[in-house]
Amino acid sequence: MEHSVAIADRAEKVIARCKRLASITETSGGTCRTFLSDAMRECYRVVGEWLEAAGAEVTIDAAGNLRGFYPAAQSDAPRLLLGSHLDTVPDAGAYDGVLGVILAISLLEMLEDRKLPFAIEVIGFSEEEGIRFSTPFIGSRALVGKLDDELLNRTDTNGVSVRTAIENFGLKPAEISQAIVKNDSLAYLEFHIEQGPVLESLGIPLGVVEGIAGQTRAEFIFLGRANHAGTTPMNLRHDAMSGAAEWILEVERVAKREKGLVATVGRIAATPNAANVVAGQVRVSLDVRHKSDNVRARAAEFLAVQAEEIAHRCGLTVEQKVLLNQPTVSMDPFLIDQIEQAAVKANCKTHRMVSGAGHDAMILAENIPAAMIFLRTPGGVSHHPSESVSVEDVAKAMECGMFLLTQLAGSAEFQKRMVRA
């Protein structure tokens, strides 16, 4: 392994690149890149140049995923997938998703044109956060053949569909099936910041993800009757905002009663959204997560019933739609063990953990073995401009990654997978 100064220099370069990409944004005063926006096009140009300089052949698939193929020693060898997402939430930090892509590129650079028994494909997913179309994982769903017509026909707030966004980017929706991972794909590995405080509390730089908690995402629309705020008596109102507010507090109460359950209303939109008008409609989001699918399902069902009861009591009606019902996903046991062995070689303690956040790895795991490596997140802060990583932790992740590639290249078990592929 390279000496510590060289690794630290490379880690500094990784961080600088993440900050460079944070400056590519579709909004002023903060970082925001949504699915196939102009900012994503520029992001792809910059990341594509880094991939090509590292020896990869760069393409963009029909779902807008940036893909860099680094060949193996033999042309017909199977491939290992490395990556994460390049889109962001509004007012984002510099490392969520992006760090995983840049670390993968750095590993290619550290190979210095050395070829392994397997090829490496670095993937920068076009969409993971679910911001533009209120549904997540558009990029990774394409790789497992689940970018269907219903999803392609979803529209953003400007009435532009996913299908049209793809066409406007210069891609062809009819070719989406070509984005599906090939039979020669051995596994998917993703580096990602933890986005929480656990590793920092333990004083450990890297975590090994055993599983990713399932999540339910839904939308509720409380429907009442808009009316003048000054002339409508309280007892004669059908106030959608009042009903929605009562339900939002119930969401918090339910989540606090169940250990490990988290439930969030992160978005609310009132109509007509005027200070002097009783709200006639309120649209709210719901995000429920738990490592147990049964616990999550019970909570989501209970909250749906509560929405109906509250609406009835307030003289309202309520409509609901489930946008995502993603089961808990276990990571591959063999890859988990390999990551831990690599971390030991890098003189790094690790901690096995369940991710409360969703990741592209949970989608890829439906089709191929998948695993994740978490980096400590200072302060546990993510989805915020103050999100950060340390040079030392990035360096440890790079060392672990290189040991992992070397182990897989010489692993008898991985050789068996390569033969099957």
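Residues numbered from 1 in each chain as written. Predicted model: local features only at pLDDT ≥ 70, side-chain atom pairs only at ≥ 80, totals over all residues. Heavy atoms only, no water.

S.K.: Sorry if this is basic, but what is going on with the pattern of salt bridges here?
M.R.: Two side chains carrying opposite charge are able to pair once their charged atoms lie near each other. By the definition in use, this model includes 25 salt bridges. Glu121 is the partner of Arg79 in a salt bridge, and the nearest nitrogen-oxygen pair spans 3.0 Å. In this pair, Arg79 sits in strand S3 (residues 79-85) while Glu121 sits in strand S4 (residues 119-125), placing the two residues 42 residues apart along the sequence. The class of Arg79 is buried, set by a relative accessible area of 12%. (Salt bridge = Lys/Arg side-chain N within 4 Å of Asp/Glu carboxyl O. Helix = DSSP H or I, 4+ residues; strand = E, 2+ residues; numbered from the N terminus. Buried < 20%, exposed > 50% of the residue type's maximum accessible area, 1.4 Å probe, protein only.)

S.K.: For this particular structure, what's the right way to read the packing of helix H8 (residues 240-257) against helix H9 (residues 293-313)?
M.R.: Geometrically, a packed helix pair is captured by the angle between its two axes and the distance between the axes. Between H8 and H9, the shortest axis-to-axis distance is 10 Å and the interhelical angle comes to 150°. Overall, the two elements H8 and H9 adopt an arrangement that is roughly antiparallel. Classified by chirality, the crossing of H9 by H8 is right-handed. Every residue of H9 that contacts H8 at Gly243, Glu246, Trp247, Glu250, Val251, Val254 and Arg257 is listed here: Phe302, Leu303, Gln306, Ala307, Ile310 and Arg313. Tallied by class, residues from the contact of H8 with H9 come to seven nonpolar, two polar and four charged. (Axes fitted to C-alpha atoms, helices over the stretch in contact; angles between N-to-C directions. Parallel < 35°, antiparallel > 145°, perpendicular 65-115°, else oblique. Left-handed = near helix turned anticlockwise from the far one by under 90°. Contact = heavy atoms within 4.5 Å. Nonpolar A, V, L, I, M, F, W, Y, C, P; charged D, E, K, R; others polar.)

S.K.: Even after reading the chapter, I still don't get the environment of Glu200, so can you show me in this structure?
M.R.: Its place among the elements puts Glu200 in helix H7 (residues 198-202). Through-space distance from the C-alpha of Glu200 to that of Lys416 is 37 Å; in sequence the pair is 216 residues apart. A polar side-chain atom of Glu200 sits 2.9 Å from the main-chain amide nitrogen of Gly379. (Polar contact = N/O pair within 3.5 Å; in protein donor to acceptor, adjacent residues only side chain to side chain.)

S.K.: Is there a simple way to think about the layout of surface pockets in this case?
M.R.: Regions of empty space are outlined by a rolling probe, equal in size to a water molecule, passed over the atoms. Approximately 1,200 Å³ is the volume found for the largest pocket. Lining the largest pocket are 49 residues, with Glu129, Ile131, Arg217, Arg267 and Asp287 positioned closest to its centre. Considering every element that reaches the lining of the largest pocket, the biggest residue donor is strand S12 (residues 281-290), with five residues. Classifying every residue of the lining of the largest pocket gives 16 nonpolar, 19 polar and 14 charged. (1 Å grid on protein atoms, 1.4 Å probe; cavity = no way out; pocket = protein on both sides within 12 Å on 5 of 7 lines; lining within 4 Å. Points joined across faces, edges and corners; volume = space filled by probe spheres on them.)

S.K.: Is there a simple way to explain unusual backbone geometry in this structure?
M.R.: Residues other than glycine predominantly adopt negative phi, and peptide bonds predominantly adopt the trans conformation. Omega for the bond connecting Thr271 with Pro272 falls within 30 degrees of zero, at 10°, which places this linkage in the cis form. With a phi angle near 55°, Asn347 is a residue other than glycine that sits in the positive phi range. Here Asn347 is to be found in the loop between helix H10 (333-345) and strand S15 (350-355). Here His383, not a glycine, exhibits a phi torsion of approximately 55°, which is positive. Residue placement: His383 occurs in the loop between strand S16 (370-375) and helix H12 (391-410).

S.K.: Teacher, can you tell me more about empty space enclosed by the protein here?
M.R.: Counted under the stated rule, the structure contains one cavity of 30 Å³ or more. Forming the boundary of the largest cavity are Leu21, Ala22, Thr31, Arg33, Thr88, Gly93, Ala94, Tyr95, Asp96 and Val98. Class assignment for the residues of the lining of the largest cavity results in five nonpolar, three polar and two charged.

S.K.: What is the right way to read the packing of aromatic side chains from this model?
M.R.: The geometry of two aromatic rings is summed up by the distance between their centres and the angle between their planes. Counting across every chain of the model gives seven aromatic pairs. Of the aromatic side chains, those joined through ring pairs into one cluster are Phe118, Phe334 and Phe414. The ring centre of Phe169 lies 4.1 Å from the NZ or CZ of Arg41, which sits over that ring. (Phe/Tyr/Trp six-rings, centres within 6.5 Å; stacked < 30°, edge-to-face > 60°. Lys NZ or Arg CZ within 6 Å of the ring centre and 35° of its normal.)

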